[in-house]
Amino acid sequence: MSNKLKVSLSPHVHSGDSVRRNMDWVVVALLPAMLWSFYVFGLGAVIVTATSVASCIFFEWAINKFILRNSRTTISDGSAIVTGLLLAFNLPSNLPLYIIIIGALVAMGIGKMPFGGLGNNIFNPALVGRVFLLISFPVKMTTWPVPHQMTAYADAVTAATPLADLQQAGLGDLFFGNVGGSLGEVSVLLLLVGFVILLVAKVISWHIPVSILCSAFVFSVIFYVLQGKMPFADICLLSLKHLCAGGMMLGAIFMATDYVTSPMTHKGMVIYGLCIGFLVVCIRLFGSYPEGMSFAILIMNGFTPLINNACKPNRFAKEVKK
Amino acid sequence: MKTFRIGGVHPKENKLSAGKKIEVMDLPKQAVFPLSQHIGAPAVPCVAKGDLVKVGTKIADAGGFVSSPIFSSVSGKVAKIDAVIDASGYRKPAIIIDVEGDEWEPTIDRSTTLVHDTPLEPKEIVAKIQASGIVGMGGACFPTHVKLSPRTPVDVIIINAVECEPYLTADHSLMMEKAEEILIGVNLIMKATGVKKAYIAIENNKPDAIALMQEKAKGFAGIEVCPLRVRYPQGGEKQLIDAVVGRQVPNPPGLPADVGAIVQNVGTAFAIYEAVMKNKPLFERVVTVTGKGVAEPKNLLTRMGTPMSLLIEKAGGMPEDTGKVIGGGPMMGKALLNADVPVCKGSSGILLMTEKESLRGEEQPCIRCAKCVSACPMGLEPYLLQKLSEHAEWGRAEAEQIMTCIECGCCQFTCPANRPLLDWIRMGKGTVGGIIRARAAK
């Protein structure tokens, strides 16, 4: 008996947390918005989601098996499913299948696996895929089906993003998701439900989403005031609409909080969030794209290593007065 | 409710032996006394093979100021002085005594009557503590008289009754049965150091102990019970001082005395009472024997030198599927090479883990979730220190303050990717410490 004892260094217990558990909770948190998109956009949303998830899993598996020749598959950690879901959330529900597959290939084949797979990529893979598609297929990527028309997948009636004419869009429609847009970004309410799920399951902390939203609101108010064309109450309403329109919520809650590509300390997270908020407002108001969330996040992904070097945690006994 | 400010985790408490009375452990046939049961120089034997000893006879002198004498816990004949494997896993010199009968030194007061006052002066109290072989009984085993001779003025004593390690209940059971003795011991510490204020820090998962100590402390001026929120590693000296009085001890070579505090374990306070008031040197202590597979988890008043295997038998024997035997708690305890190592001054518990519990999860790549950064009670970045150690970047590791790591294990406990963070950081600390010493020697 005694010669079979295991010997290892402490600690001898573990919290039971796992990569898989975190990924599973992200999927759970995405579910409300996903089901809503199925309801609003019908069969198209189901097809887009299924294609995106399946092709992300396939490409991760294939790259592992045939190019990297890893003996161990990494599919089981669940990260490819999350990437697939997030990519789908960023696509219009009537996108042709081959475009989705190209997006998944870029996400996994350029965004993730070349860096060494999970944990090593610099940029958020789903956003890499999305931005590639946005630049390659600008028209198809920016015309969205009008909600609540359960027509066939291919010939849906489409409309431009509400961001193109935000003053006409109703705040309530934006909040509850009765607008056109990419699959997962339409219902602010259900994305917030997902945020609460992530917080309760302790998957993410509040720092990044809250600082993005605060900063985007504040900078948008500042810029509109500087333009001086509207009364202050309208400016505040318009800024609120900015928070609820386009990919703002989806980006702030699910994309910018991606573990791998966001800073490690709470201080760093706040700086990262504030910068994203600033950039997204700049792109929306002064850029040639109506939407800027993907670009803002990707730009700040690039700054994450610098933020990590600059922002150290509060060390114990740093501010001791002698 | 108070707690420390940075990091921390909350492991499952699993206090299986809570509320169990302290039982007296049977005498062993042979007792083993390692000469190095404390931090500092090993003790020097003052008995030879064949000498007869009684319970409480000094068998080894302190090897210096930062060292401590060792007393026999049994009566009998010195069999040999030989190297044995102790709880550290290394073969170290030890005095081995064959037990015959149970004859005590006549100077020891074996009655249970409380003694409240002593004519001894502060310096004499410290000398008595030094001569009685008392060391910190929470596990670190730092000689107590050294801590009671601080280099800077001290204004507060903190008694560590936190017992933040899961499973362990030795301190808890001691408080429930020896509350007044402990309080007199605290009074002695206050008198020895000339300090007017003492806090007894207890986590609020022990409400019975908090209530009892509060009740008994009414009769003692300047002693206050300080309930704390349950949080690991609150029993760490630096975390405890931060939690109770909100002062942060500076990094090494900073000491608690630099912020005016002295921390003593509650078991040490009891040992001080017995040494000063009852003339009884340190040779027995309460040991928790516990684990999910253990038939009857127990708190056992054990003579030092008793092989741990006997305590395990007393608690119902070693279960068939035991995978690991740990000396101490699951967060900072040491996995033992075998169950025959002797109980020492710092042995607070014996934890048996089942085969399944003793396996680590499969290591996965770091997903940079930053949970280790949030959990680190020293405000370090464990993921970074691990990488720097792995890539032998010792200069950067030193700049990132690897030497301030207290090895509490919060990072590895919390890591979703099951990474052996602390294994690497320990290796890095060893190497960086060597580099720093070599630089200082130049």
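Read on for an overview of the structure. Computed from a predicted structure; not experimentally measured. (Residues numbered from 1 in each chain as written. Chains lettered and ligands numbered in written order. Predicted model: local features only at pLDDT ≥ 70, side-chain atom pairs only at ≥ 80, totals over all residues.)

Topic: the pairing of strand β17 (residues 349-354) of chain B
All names here are of chain B.
Here's step 1: A large share of β17 lies buried, amounting to five of its six residues.
Here's step 2: Relative to β17, strand β13 (residues 284-290) runs parallel, the two sharing three bridges. Each bridged residue has a counterpart across the sheet, and for V289 the counterpart in β17 is I350.
Here's step 3: Two strands pair when backbone bridges link them, and strand β15 (residues 322-327) and β17 are joined in this way by five bridges, in the antiparallel orientation. By the bridge assignment for β17, I326 is matched with L351. (Buried ≥ 20, exposed ≤ 12 C-beta atoms within 10 Å, placed from the backbone. Helix = DSSP H or I, 4+ residues; strand = E, 2+ residues; numbered from the N terminus. Pairing = 2+ DSSP bridges.)

A closer look at the environment of D82(B)
Here's step 1: On the secondary structure map, D82(B) appears in strand β7 (residues 76-85).
Here's step 2: Dropping the residues within four chain positions of it, D82(B) is found in contact with A94(B) and I96(B). (Contact = placed C-beta atoms within 7 Å.)

Some points on the sheet that holds strand β3 (residues 44-45) of chain B
Residue and element names in this part refer to chain B.
Here's step 1: One open sheet holds the three strands; their spatial order is β3-β5-β6, and the pairing between them is antiparallel. Whereas interior strands pair on both sides, the edge strands pair on one side only; in this sheet they are β3 and β6 (70-71).
Here's step 2: The pairing of β3 with strand β5 (residues 58-61) spans two bridges and is antiparallel. Bridging across to β5, V44 finds its partner in D61.

What to know about the interface of chain B and chain A
Size of an interface, as often reported, equals the accessible area lost when the parts are brought together.
Here's step 1: Contacts between the two partners involve 52 residues from chain B, matched on the other side by 32 residues from chain A.
Here's step 2: Looking at the side of chain B that touches chain A, the elements that each hand over two or more residues are β15, β16 (334-335), α12 (410-414) and α13 (421-441) of chain B.
Here's step 3: Sorting elements by how many residues they give to the side of chain B that touches chain A places β15(B) first, with four residues.
Here's step 4: Of the residues belonging to the side of chain B that touches chain A, the class tally is 29 nonpolar, 15 polar and eight charged. (Nonpolar A, V, L, I, M, F, W, Y, C, P; charged D, E, K, R; others polar.)

Looking at the packing of helix α1 (residues 19-41) of chain A against helix α8 (residues 188-200) of chain A
Residues and elements named next belong to chain A.
Here's step 1: Where α1 contacts α8, the two axes come as close as 8 Å, and the packing angle between them is 165°. Relative to α8, α1 is oriented roughly antiparallel. Along this stretch, α1 crosses α8, giving a crossing that reads as right-handed. Mapping the contact onto sequence places W25, V28, A29, L30, P32, A33 and W36 in α1 and L190, L191, V193, G194, I197 and L198 in α8.
Here's step 2: Among the residues forming the contact of α1 with α8, the class breakdown is twelve nonpolar, one polar and no charged. (Axes fitted to C-alpha atoms, helices over the stretch in contact; angles between N-to-C directions. Parallel < 35°, antiparallel > 145°, perpendicular 65-115°, else oblique. Left-handed = near helix turned anticlockwise from the far one by under 90°.)

Focus on the nonpolar core
Note that soluble globular proteins tend to have their nonpolar side chains buried in a common cluster.
Here's step 1: Counting residues in hydrophobic clusters, the biggest one holds 225 residues, and the most contacted among them are I158(B), I159(B), V186(B), I200(B), A201(B), I272(B) and L311(B).
Here's step 2: A total of ten residues in this core trace back to one element, the largest contributor, which is α1(A).
Here's step 3: Among all residues touching V186(B), those that are not within four sequence positions of it are I157(B), I159(B), A198(B), I200(B), I223(B) and A269(B). (Core = buried A, V, L, I, M, F, W, Y, C linked by C-beta atoms within 7 Å.)

Shape descriptors only; they carry no functional weight alone.
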